[in-house]
Amino acid sequence: TFGKNVASGLTTGVRKFTNAGDFNAVNGTVHFDGTFVQTAGNTSLNLTGAIETSGTLQFQGGSLIGNRTITGNVANTGATVRPGDGNTETLTITGSYTQSGAGTLAAKIGGTGAGKFDVLWVGGPAPLGGKETGGGRGVKGGRLRGGPA
């Protein structure tokens, strides 16, 4: 388990990081200057935790869970991305989000009104392969749609 749990501040200089366990960004920001590869386990962003990267975060397995911000690009080639940490919330990626056929985007849906569903907000291109799943009470069907460009 690796975590960032300081009230504020920026941790820099992380050159190469491979996660197969748990990485928890609870408070403050972690900046990855080099590669970030997750093969298993979980990366969690909650409270005021955030991640920055000058490259692309590679999620090959495990889960990306949370309701905070990733400043940079994300490639999901085999993980499950779950916006929120139990409640319906928003996970923000300021760059691009690419999901291959082996990746999954799993969102909670509890209705059509604001605050009733999870949101993956992406600031750049977001080509989606793989699975997009939604589940919740009273959901009979739905569709994935993008917002304004």
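Residues numbered from 1 in each chain as written. Predicted model: local features only at pLDDT ≥ 70, side-chain atom pairs only at ≥ 80, totals over all residues. Heavy atoms only, no water.

Novice: Help me understand the packing of aromatic side chains in this model?
Specialist: One pair of aromatic rings is described through two measures. These are the centre distance and the angle between the planes. Tallied over the full model, the rule gives seven aromatic pairs. The interplanar angle of 50 degrees and the centroid separation of 5.5 Å between the aromatic rings of Phe17 and Phe32 together place this pair among those described as tilted. Taken together, the residues span a long stretch of sequence, with Phe17 in strand β1 (residues 2-19) and Phe32 in strand β2 (residues 22-38) at a distance of 15 residues. In this structure, Phe17 and Phe32 share a single accessibility class: buried. A ring pair is formed by Phe23 and Phe32, whose centres lie 5.9 Å apart and whose planes are at 75 degrees; its orientation type is edge-to-face. On the basis of relative accessibility, which here comes to 0%, the residue Phe32 falls in the buried class. (Phe/Tyr/Trp six-rings, centres within 6.5 Å; stacked < 30°, edge-to-face > 60°. Helix = DSSP H or I, 4+ residues; strand = E, 2+ residues; numbered from the N terminus. Buried < 20%, exposed > 50% of the residue type's maximum accessible area, 1.4 Å probe, protein only.)

Novice: How should the environment of Gly124 be read in this particular structure?
Specialist: Its place among the elements puts Gly124 in the loop between β11 (119-122) and β12 (131-135). Using a relative accessible area of 28% as the deciding quantity, one classes Gly124 as partly exposed. Gly124 sits 29 residues away from Gly95 along the chain, and the two C-alpha atoms are 4.8 Å apart.

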